[in-house]
Amino acid sequence: MTAAGDRLGPTLFERSHAGRGGGKVPHPPKDALARIPADQLRADGPHLPEVAEPELTRHYVNLSQLNYSIDTGFYPLGSCTMKWNPKVNEWAARLNGFASLHPFAPDELAQGTLQLLWELEQALAEIGGMRAVTLQPAAGAQGELTGILMVRAYHRSRGDMDRTEVLVPDSAHGTNPATASMAGFKTVSIPSAPDGGVDIAAFRATLGPHTAAVMITNPSTLGLFESRIGELLEAVHAVGALAYMDGANLNAIMGRFKPGEAGFDVMHINVHKTFSTPHGGGGPGAGPVGVGEKLLPFLPSPRVLREADGRFRLERPGERPDSIGRVRSFVGNSGVLVRAYAYIRAHGAAGLREVSDDAVLAANYLKSQLAGVLDVPFSRHCMHEFVASGASLKAETGIRTLDVAKRLIDLGYHPPTIYFPLTVEEALLIEPTETESLETLDGFVAAMRTIVEEAHSDPELLHSAPHSSPVRRLDETTAARQPNLRWKGMTGEQTPCPD
Amino acid sequence: MTAAGDRLGPTLFERSHAGRGGGKVPHPPKDALARIPADQLRADGPHLPEVAEPELTRHYVNLSQLNYSIDTGFYPLGSCTMKWNPKVNEWAARLNGFASLHPFAPDELAQGTLQLLWELEQALAEIGGMRAVTLQPAAGAQGELTGILMVRAYHRSRGDMDRTEVLVPDSAHGTNPATASMAGFKTVSIPSAPDGGVDIAAFRATLGPHTAAVMITNPSTLGLFESRIGELLEAVHAVGALAYMDGANLNAIMGRFKPGEAGFDVMHINVHKTFSTPHGGGGPGAGPVGVGEKLLPFLPSPRVLREADGRFRLERPGERPDSIGRVRSFVGNSGVLVRAYAYIRAHGAAGLREVSDDAVLAANYLKSQLAGVLDVPFSRHCMHEFVASGASLKAETGIRTLDVAKRLIDLGYHPPTIYFPLTVEEALLIEPTETESLETLDGFVAAMRTIVEEAHSDPELLHSAPHSSPVRRLDETTAARQPNLRWKGMTGEQTPCPD
Amino acid sequence: MAYGPHTPDDRAAMRKAIGVASTDELFADIPAAMRASELRLPPPESEAELASRLSRLADRNRVDLVSFLGAGAYRHFVPAVVDQLLLRGEFYTAYTPYQPEISQGTLQTIYEYQSMIGELTGMDVVSASHYDGATAAAEGALMTCRATRRERVLVSRGVHPHYRQTLCTYFGGADLVADEIPLVAEGPASGTTDLVALERMLADPERPVAGVVVANPSFLGLLEPMAQAGRLAHAAGALFVAVVEPVSLAVIASPAAYGADIACGEGQPLGIPLSYGGPYLGILACREPLVRQIPGRLVGMTTDIDGRRAFVMTLRAREQDIRREKAASNICTNQALCALAASIYLGAIGPHGLRDVAAMGAARAAALEVALAEAGAPRLHPGPYLNEFAVRVPDAAEVHRRLLGRGVLGGLVLATVEPDDPSLADALLVCATEVTTLDEIEVFASALRDEIERGRQLGLPGIAEASR
Amino acid sequence: MAYGPHTPDDRAAMRKAIGVASTDELFADIPAAMRASELRLPPPESEAELASRLSRLADRNRVDLVSFLGAGAYRHFVPAVVDQLLLRGEFYTAYTPYQPEISQGTLQTIYEYQSMIGELTGMDVVSASHYDGATAAAEGALMTCRATRRERVLVSRGVHPHYRQTLCTYFGGADLVADEIPLVAEGPASGTTDLVALERMLADPERPVAGVVVANPSFLGLLEPMAQAGRLAHAAGALFVAVVEPVSLAVIASPAAYGADIACGEGQPLGIPLSYGGPYLGILACREPLVRQIPGRLVGMTTDIDGRRAFVMTLRAREQDIRREKAASNICTNQALCALAASIYLGAIGPHGLRDVAAMGAARAAALEVALAEAGAPRLHPGPYLNEFAVRVPDAAEVHRRLLGRGVLGGLVLATVEPDDPSLADALLVCATEVTTLDEIEVFASALRDEIERGRQLGLPGIAEASR
Ligand SMILES: Cc1ncc(COP(=O)(O)O)c(C=O)c1O
Ligand SMILES: Cc1ncc(COP(=O)(O)O)c(C=O)c1O
């Protein structure tokens with residue numbers, strides 16, 4: 001089907017045919033539900049697809065081939081750190097001892113995972129220069145919420161009830177302001193200086209007794225290290241506020257900069273960025289949060305503890321009364337954390353530092369090669385990613401960044417992040433990561449050159465790109481105006497199970 | 001790379017770059033080889049590709065997507081039984097207890113696998129109506145060799161030294177005559193009757209005191225059950241020859257016909273056909289051989305034995321002196337046999353009978369639907385496959401079966417087996433198997449109809465097909481005249497491929 | 001580096017092109033005073049060494065006990081096809097499908113996931129996934145506040161304690177109120193949500209209620225009076241949020257059937273491994289009028305410029321990357337791969353298979369009830385249940401601990417998660433599913449009988465109390 | 001049916017279209033007297049039941065012992081990427097690539113396999129795979145007869161006994177002769193192929209020799225005088241066949257270097273699991289002039305009509321489907337997926353990694369030699385070895401059996417496979433690879449010391465003899 005011919009297929013619902021499938025589990029006795037009151041029972045359905053295993057498999061195998069992925073090509077999606085996802089990690093997370101462990105297993109049955117989680121906490125604390133780490137948050141955004149809720153608890157614990165504002169640079173990721181809102185704060189946006197850093201004067205002017213925290217992404221979403229970070233942190237602490245670091249860009253600075261050492265009070269880490277756990281088409285990840293001394297009492301519960309005798313256990317409910325409580329069920333996305341642990345052990349200190357060095361080297365290399373091709377608004381060395389802009393190209397040819405991105409698809413590349421950060425016109429945020437070869441980077445530059453030439457010579461080709469993908473540009477307006485969000489009704493008739 | 005853009009890529013050798021890769025195993029001490037005489041050591045190389053894991057993975061993931069496979073579509077390759085390969089079987093064969101068991105493990109450590117093999121032998125003997133089964137042969141062809149070598153040993157054991165001929169119908173698979181030669185026999189070809197069966201008169205005329213065995217494929221490679229089988233077997237045995245059954249087509253007759261019961265003395269079974277073990281792009285499979293009473297003493301060694309106390313063991317060397325010996329190392333393709341066992345247990349007797357019934361039903365259905373579209377030389381009911389012919393089409397339009405096959409590729413189907421069996425002009429041997437849905441079969445018929453229409457309306461489209469596959473028709477002549485059978489030298493320079 | 005391609009030559013070439021003599025120069029922006037202290041971590045390991053370390057750690061976990069533990073995470077048989085398809089790199093190494101032209105695989109599978117959960121719950125709109133059942137419940141409760149512009153929800157104490165705690169954390173942050181609806185203390189309805197209390201709580205005119213949250217089955221395994229609770233909520237202008245367990249929905253009335261506005265729950269039972277608590281799958285679904293309140297991604301069907309059917313993320317104006325501080329939630333990364341696992345599981349097992357799973361669990365649980373009662377551990381509540389229930393066991397914690405030594409994981413000691421509820425002081429929450437065998441039930445029951453007997457002979461305090 | 005899609009309605013529709021009232025009618029060609037008796041097999045099982053049965057069977061195998069067993073099949077670390085790529089359905093559910101336009105994945109990987117094995121062996125032509133080392137050796141020997149039109153090969157007794165036995169079976173069938181070259185009995189070369197005997201055997205003018213087959217390392221682990229053996233063979237107009245172990249070729253001289261015409265061997269060590277003997281990988285390779293003699297599939301590089309590079313099966317006129325009784329062999333299905341495993345393994349581990357694997361095995365084996373000698377089990381032969389060697393152990397079979405009880409699989413009792421060779425009567429063949437740890441060596445050595453000591457005290461017959 002896919003090696004040739006049309007590559008799109010019907011939905012699983014359209015493939016359904018009443019009576020197909022089955023054979024997976026034994027049949028229960030007929031009266032299994034007789035003891036349950038009739039009004040509690042389901043009257044009809046559910047009308048789920050009925051397909052046999054061959055058709056099911058083909059459905060998903062063929063669908064998978066419609067995806068672009070790290071496993072098939074270069075995916076320089078800025079801010080997302082689409083690095084290699086090592087195969088041994090997938091193997092590890094599936095080990096029966098890890099995968100079949102119940103989250104309520106008594107501690108004595110869970111020593112392997114508890115040890116792994118504890119060691120991972122130590123390693124992340126060391127990398128971040130933090131006092132302690134919680135692995136509970138399920139993703140970066142939840143890490144942010146956890147961190148900001150701790151900030152809130154900290155101020156309240158000191159009777160400091162008037163801190164209602166969280167300061168966020170205008171280049172920040174959308175989760176930062178959204179988090180501040182969820183934690184009951186007002187977001188105050190702080191502008192960027194022309195060099196891409198925070199505008200210090202504006203920043204100082206905004207800071208005050210109402211400031212609960214500042215959320216800083218460092219390196220920033222422009223891929224720049226905040227060189228005035230010392231000044232910033234001093235000013236924050238001077239007004240009694242706390243400094244939150246969005247560590248989504250940690251991949252640039254391992255072994256080079258430890259946020260906790262530098263003075264950050266709290267940070268989150270995206271293991272699905274820096275520590276190679278797969279993005280899964282949108283998730284799952286995990287968003288561990290590191291804290292300094294001040295926030296230690298407020299960490300969510302339960303923590304993983306090591307006893308004097310070397311055994312590990314989970315905190316019991318209520319054991320640490322100042323905790324902000326739970327942010328989710330159980331201890332965290334353990335299956336994801338196994339992968340992060342494996343990644344850290346595979347690298348060690350020298351390896352992680354090399355990861356960051358190579359990520360930064362690759363980004364600067366790509367930037368240097370693209371400098372003559374597109375606008376590169378910030379000329380100083382970037383960290384693991386950099387912003388390019390199609391502003392001049394648009395002015396000259398009418399070709400927008402969107403068109404460039406779509407044309408890249410035809411040339412075999414996943415486009416970079418586009419139109420983010422919001423502070424740069426026609427932005428492309430490009431993050432090559434450390435796991436892409438020089439040949440791959442050069443191939444990407446050549447493709448960009450080709451596209452810029454095409455923008456002059458054959459703009460229509462770009463307006464209508466992509467041409468070679470399984471589908472072409474989509475009608476997003478209709479999708480939003482008349483949303484069709486689920487299939488209703490099956491194509492076949494429903495009849496009882498055949499086997 | 002693959003969701004869009006060019007889909008071909010460089011070889012792994014071209015992707016190689018000195019110094020890449022590594023990190024898989026620890027380094028040995030420097031002097032590890034010091035004790036080995038210098039003249040025994042390798043001077044240089046091997047010059048194997050050096051690639052990092054990301055590039056390696058992309059290489060194979062992208063290559064895989066160039067393949068057509070059962071997991072992606074309908075693969076009606078006659079004589080090959082391209083049925084569904086159940087996923088649980090892949091899981092089972094990888095269970096550590098099976099996968100990590102050393103073939104020289106003492107019997108007491110291998111009870112699980114020995115029990116499985118023993119039970120599988122019983123099940124195959126029951127299905128084939130045979131007295132005993134050896135699982136040793138690695139494939140169908142090796143099963144044939146094993147069987148014919150037993151025939152040879154049988155005659156010799158009786159002092160019957162003059163039986164130098166093996167009779168093989170002209171429609172037989174190529175392995176039959178090739179096997180006869182390898183076992184030191186002369187192949188005598190017997191012609192087919194107009195109804196597709198063996199020409200009895202010609203057959204009787206060929207039989208004689210020089211006949212060691214007759215190799216019969218039943219159902220034949222024409223997909224027809226040999227209705228005169230009783231007569232044939234009687235005649236064979238009357239001259240003191242043995243009857244070999246090529247059981248590659250067993251998928252048609254499970255629960256309907258047991259070759260051993262009917263009088264066959266020996267048969268092989270292709271587990272990679274009837275019992276769903278994957279074809280693997282050419283292998284591995286396994287070719288168990290069943291024998292009746294007469295050949296029991298000659299079975300290859302070692303056999304799997306069950307002791308009185310219920311424990312299992314392997315025969316020791318020399319324990320059964322009449323054995324033809326080994327046909328390979330160790331006991332067989334155990335990892336493949338786990339899958340066959342799983343398949344048989346999943347189905348039970350009723351399920352296997354249903355498999356055959358459904359395979360035959362699907363083939364007859366497809367035949368009935370194609371009857372008006374192509375020539376269908378044999379009108380009687382077929383078994384699990386049937387022969388169609390493009391003879392009329394060729395006469396009318398000049399379109400050959402090859403063109404039809406290539407055009408099917410464009411329409412999303414794997415072509416049937418073509419130009420086999422050799423006895424039918426412009427043959428297509430079509431085997432849908434029991435695991436393809438009615439919709440799939442109907443889709444295939446519609447595609448065939450389309451092609452036949454195109455043969456009249458737009459023959460050039462067919463001559464030049466396929467058009468949508470990753471590559472188009474190949475220059476096979478140059479491939480054979482100036483064979484390039486391996487890459488020599490590494491490049492590291494070539495970067496035709498962007499990923 | 002373990003996985004990277006760069007050789008020293010490659011690095012030199014890049015430095016040259018950039019025009020720096022050393023990589024250190026690229027980090028010049030880091031103020032000298034702030035450069036990191038040495039990174040102290042264990043040395044790197046080759047894959048062979050790492051694999052053996054990880055195997056040893058995994059082996060330190062004990063997953064070989066006969067287990068009756070559920071309590072929000074359930075053992076089920078997962079067909080082999082599920083994991084083999086999940087291992088396809090094209091799925092698991094893709095990002096959020098921002099470029100729909102080369103993400104139709106992910107997009108169509110999400111649309112199908114939404115459709116399947118839509119079938120199970122009867123809801124119109126299903127988010128592309130949340131972190132887990134607890135956060136999905138919290139987000140569901142927050143939706144009711146946004147939709148009604150009220151600031152208080154009522155949460156049944158029958159909701160999983162982790163969900164209640166998570167909801168409290170989220171509500172505390174947002175300066176909203178979550179009050180607990182008590183459970184009936186005695187009689188035939190004991191252990192289920194107290195409808196009288198609910199009605200009273202809803203009646204307070206000073207503190208209007210945005211939503212009522214009830215779980216079915218409840219944390220204690222009981223089937224709840226969902227229809228009545230929903231009617232009470234609606235009568236007070238509140239929305240009704242049902243916390244559901246998806247496998248049960250094959251046989252138990254759907255949220256739509258009893259009038260829920262929002263359905264949420266934990267999707268782990270749909271083919272996702274236990275993995276010590278995650279990654280799991282937060283199910284969140286709602287009726288059509290609430291579509292603009294639902295947080296998380298939504299995928300819709302549309303066409304491309306050639307008119308071919310295609311799928312795309314839609315109604316994005318609810319999301320943080322578009323709306324920033326005004327977004328419905330801060331959620332960004334979700335649990336998409338777990339949603340894919342659930343879809344494949346549902347596709348593999350089919351509707352009849354799912355019913356078999358649910359009904360077999362119910363049948364095994366009934367056998368378990370009988371066996372445990374005979375062993376001296378009767379049910380704690382009389383009402384109907386599906387496949388999980390609480391039993392009274394004298395000195396439960398000690399007995400539970402001793403059972404471990406006999407190879408039995410005898411469910412959950414309820415006091416460890418609900419330490420403040422005296423009614424649950426000597427109780428175990430036990431569960432059976434389709435993978436529970438009659439042999440295992442026998443092993444559990446006979447070990448339990450021995451241990452209860454042993455405790456009685458020792459005259460342990462718990463036992464003394466129970467025998468009063 | 002377990003996996004099929006057909007419902008009763010589907011079947012009825014098909015019957016109707018065909019025009020039969022029942023499926024039985026389709027089987028009318030089976031003579032009534034020959035219809036099968038009832039099929040007696042265990043009842044069908046759902047996947048859940050089947051999976052638990054298979055798990056139990058797998059668990060009955062004991063793979064947890066500390067193992068020093070090699071003897072033709074070797075434990076190695078296999079990077080995770082190998083199996084994950086092998087699980088791609090597009091590879092393992094495809095057939096032989098008869099339609100090259102939609103089989104470029106399989107074809108290119110085979111070409112690359114041929115190229116990699118070409119690098120390791122130094123040979124020009126590599127078949128796309130044979131069943132295993134034994135059949136590859138037999139086919140290699142048969143090639144020499146076809147190429148030279150002679151009917152006799154000489155096979156060193158240092159070749160794996162299973163290979164020798166298989167070769168005999170094949171040669172017996174083809175009415176060809178295979179004679180055994182003895183091993184040197186004493187002195188520094190003891191255990192290696194007896195070159196004097198070889199020279200003598202080659203000299204018989206009545207019985208010209210087609211090929212000489214020698215293994216390096218030999219079955220006993222010894223490095224053989226390959227160059228000399230090859231020269232002797234060539235001097236007599238015979239071809240020289242080297243049986244090789246592919247991992248060793250990372251560090252040991254290649255067949256091309258010592259002048260072999262044909263190289264064959266077992267590819268299992270290249271990333272293929274032990275799986276109780278198969279599926280493995282028969283390596284068969286030759287120099288260019290023999291290309292038309294080599295059996296099995298060959299893939300070549302070519303172009304398509306658009307000039308794009310592509311791969312295709314070639315020189316098919318050697319094969320059974322074209323040449324039938326005149327084919328080079330009857331081989332059809334081969335071990336393609338195992339060849340793919342080997343390619344991915346080699347790609348993952350790389351040339352340096354492969355050298356590390358071989359050298360680490362050598363280092364561990366040296367440590368093992370010392371430890372076993374100290375424990376009372378000295379080497380049987382003095383010559384150089386790579387990572388496998390024989391040791392003399394009094395009452396080897398009994399000691400070996402007792403070691404199992406102590407969790408040690410102490411290699412192979414040589415007498416079980418070579419019962420007729422008195423020089424191997426009290427000997428174990430032991431092996432170390434890169435996965436053998438120093439701890440494991442210590443465990444083996446100390447257990448062995450105890451058992452030898454124990455035997456000595458009991459004065460067992462074997463011991464008495466040895467201490468004479
Ligand atoms: C800078 C930054 N902060 C926060 C986040 C949120 O992390 P997550 O998606 O894991 O919730 C992201 C992820 O895209 C990010 O790039
Ligand atoms: C009729 C028939 N006989 C024998 C064989 C040979 O089996 P194998 O390929 O397993 O050697 C085949 C396989 O193609 C076949 O179709």
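Rules behind the numbers
- Residues numbered from 1 in each chain as written.
- Chains lettered and ligands numbered in written order.
- Predicted model: local features only at pLDDT ≥ 70, side-chain atom pairs only at ≥ 80, totals over all residues.
- Heavy atoms only, no water.
- Helix = DSSP H or I, 4+ residues; strand = E, 2+ residues; numbered from the N terminus.
- Rg over C-alpha atoms; globule rule 2.2 N^0.38 Å.
- Buried < 20%, exposed > 50% of the residue type's maximum accessible area, 1.4 Å probe, protein only.
- Contact = heavy atoms within 4.5 Å.
- Near = heavy atom within 4 Å.
- Polar contact = N/O pair within 3.5 Å; in protein donor to acceptor, adjacent residues only side chain to side chain.
- Nonpolar A, V, L, I, M, F, W, Y, C, P; charged D, E, K, R; others polar.
- pLDDT = per-residue confidence, 0-100.
- Areas by Shrake-Rupley, 256 points an atom, 1.4 Å probe, with all protein chains shown as cover.
- Salt bridge = Lys/Arg side-chain N within 4 Å of Asp/Glu carboxyl O.
- Pairing = 2+ DSSP bridges.
- Right-handed = clockwise from strand over helix to strand, strands pointing away.
- Domains from an automatic or database assignment.
- Buried area = accessible area lost by both parts, 1.4 Å probe.
- Least-squares fit on C-alpha atoms with pLDDT ≥ 70 in both.

Let us look at the overall build of chain A. A count of helical and extended segments in chain A gives 16 helices and 12 strands. The C-alpha radius of gyration of chain A comes to 26 Å, within 12% of the 23 Å expected for a compact globule of 499 residues. Its C-alpha atoms give chain A principal-axis dimensions of roughly 75 × 70 × 45 Å. For chain A, with 499 residues in total, the buried portion stands at 71%. Considering only residue pairs separated by 6 or more positions, chain A has 72% of its internal contacts joining residues 24 or more positions apart.

Moving on, we come to the site of ligand 1. Around ligand 1 there are 16 residues in total, and Gly 140, Asp 246, His 272 and Lys 273 of chain A together with Thr 333 of chain C lie nearest to it. One nitrogen or oxygen atom from the side chain of Asn 270 of chain A is found 3.1 Å from an oxygen atom belonging to ligand 1. Residue Lys 273 of chain A places a side-chain N or O atom 2.8 Å away from an oxygen atom belonging to ligand 1. Take the shell around ligand 1: its biggest share by element is 3 residues, from helix α6 (residues 140-157) of chain A. Among the residues forming the shell around ligand 1, the class breakdown is 5 nonpolar, 8 polar and 3 charged.

Here chain A shows a mean pLDDT of 95. Residues at 70 or above account for 97%. For residues 492-499 of chain A, every residue scores under 50 in pLDDT, and the model assigns this stretch 19 contacts once sequence neighbours within four places are set aside.

On to the site of ligand 2, then. Around ligand 2 lies a shell of 16 residues, among which Gly 140, Asp 246, His 272 and Lys 273 of chain B together with Thr 333 of chain D are the nearest. Lying at an intersection of chains, ligand 2 is approached by residues of chains B and D. At 3.1 Å from an oxygen atom of ligand 2 is found a side-chain nitrogen or oxygen belonging to His 173 of chain B. Protein contacts shield 99% of the accessible area of ligand 2, which totals 390 Å² for the unbound molecule. Sorting elements by how many residues they give to the shell around ligand 2 places helix α6 (residues 140-157) of chain B first, with 3 residues. For the shell around ligand 2, the residue count by class is 5 nonpolar, 8 polar and 3 charged.

A few words now on the interface of chain A and chain C. Quite often, the size of an interface is put as the accessible area lost when its parts meet. The partner chain C presents 193 residues to the 208 residues of chain A that form the contact. Where chain A packs against chain C, one counts 14 salt bridges. The partner of Arg 11 of chain C in a salt bridge is Asp 358 of chain A, and the shortest N-O contact between them spans 2.6 Å. In this assembly, chain A and chain C are joined by 96 residue pairs in polar contact (both at pLDDT 80 or more). A total of 27 residues in the side of chain A that touches chain C trace back to one element, the largest contributor, which is helix α11 (residues 334-370) of chain A.

Residues and elements named next belong to chain A. Among the 5 residues that make up strand β2 (residues 165-169), 5 are buried, leaving the element largely enclosed by the rest of the structure. Residues of β2 alternate between two faces, with Glu 165, Leu 167 and Pro 169 on one and Val 166 and Val 168 on the opposite face, all of them buried. Note: β2 against strand β3 (residues 186-190), 5 bridges, orientation parallel. Bridging across to β3, Glu 165 finds its partner in Lys 186. Handedness of the β-α-β unit built from β2, helix α7 (residues 175-182) and β3 comes out right-handed. In the sheet, β2 pairs with strand β4 (residues 211-217) via 3 bridges, with the strands oriented parallel. Of the residues in β4, the one forming a bridge with Val 166 is Ala 213.

Let's shift gears to the environment of Gly 73 of chain A. Summarising the element assignment, Gly 73 of chain A is placed in the loop between α2 (53-64) and α3 (87-93). Spatially, the C-alpha atoms of Gly 73 of chain A and Ala 178 of chain A are 32 Å apart, while their sequence positions differ by 105 residues.

Let's shift gears to the domain arrangement of chain C. Residue and element names in this part refer to chain C. By domain assignment, chain C separates into domain 1 (66-73 + 350-467) and domain 2 (80-345). Its C-alpha centre places domain 1 at a distance of 29 Å from the equivalent point of domain 2. Across the domain 1 to domain 2 interface the summed buried area is about 2000 Å²; carbon plus sulfur atoms make up 66%. Looking only at domain 1, the three residues that lose the most surface to domain 2 are Leu 354, Leu 386 and Glu 418, adding up to 27% of its buried area. For the pair domain 1 and domain 2, the number of links is 3 salt bridges. For Arg 164, the salt bridge is made with Glu 418, and the minimal N-O distance between the two is 3.0 Å. Counting every contact that joins domain 1 to domain 2 gives 4 residue pairs in polar contact (both at pLDDT 80 or more). Those elements that provide at least two residues to the side of domain 1 that touches domain 2 are α11 (336-375), β11 (388-392) and α13 (414-417). In terms of residue count, α11 provides more of the side of domain 1 that touches domain 2 than any other element does, 5 residues in total. Considered class by class, the residues forming the side of domain 1 that touches domain 2 number 17 nonpolar, 4 polar and 5 charged.

The interface of chain D with chain C comprises 12 residues on the first partner and 12 residues on the second. Buried surface at the junction of chain D and chain C, summed over both partners, amounts to about 870 Å²; 53% is from carbon and sulfur atoms. Put simply, chain D and chain C have 2 salt bridges between them. Across the pair Arg 88 of chain D and Glu 90 of chain C runs a salt bridge whose closest N-O atoms are separated by 2.6 Å. Taken together, chain D and chain C are joined by 4 residue pairs in polar contact (both at pLDDT 80 or more).

With that settled, the discussion passes to the sheet that holds strand β2 (residues 125-126) of chain C. Whenever strands of a sheet pair, they do so through backbone hydrogen bonds, lying parallel or antiparallel. Residues and elements named next belong to chain C. Taken together, the 7 strands give an open sheet; going across it, the order is β2-β8-β7-β6-β5-β3-β4, and neighbouring strands pair in mixed fashion. Edge positions in the sheet fall to β2 and β4 (177-181), since each of these pairs with one other strand and no more. Across 6 bridges, the pairing between strand β5 (residues 211-216) and strand β6 (residues 239-244) is parallel. Residue pairing for β6: Gly 211 is matched across the bridge by Leu 239.

Overlaying chain D on chain C yields an RMSD of 0.0 Å, the required transformation being a rotation through 180° with an accompanying axial translation of 0.0 Å. Within this description, the copies of the chain are treated as partners about a two-fold rotation axis. Every residue of chain D has its C-alpha some distance from the rotation axis, and the shortest such distance is that of Arg 88 of chain D, at 3.7 Å. Both copies present the same face, since 100% of the interface residues in chain D are matched by interface residues at the equivalent positions in chain C.

This next bit is on the pairing of strand β14 (residues 427-431) of chain D. All names here are of chain D. Of all 5 residues that make up β14, 5 are buried, and the element is covered over most of its length. Here β14 shows two buried faces, one formed by Ala 427, Leu 429 and Cys 431 and the other by Leu 428 and Val 430. Looking at chain direction, strand β11 (residues 388-392) and β14 are connected through 5 bridges and run antiparallel. Within the sheet, the bridge partner assigned to Ala 390 lies in β14 and is Leu 429.

This part takes up the environment of Val 338 of chain A. Residues and elements named next belong to chain A. Relative to the helices and strands, Val 338 is located in helix α11. Note on Val 338: relative accessible area 3%, which makes it buried. As for Val 338 and Phe 98, which are separated by 240 residues in sequence, their C-alpha atoms are 8.3 Å apart. Setting aside anything within four residues of it in sequence, one finds Val 338 in contact with Ala 92, Ala 93, Phe 98 and Leu 116.

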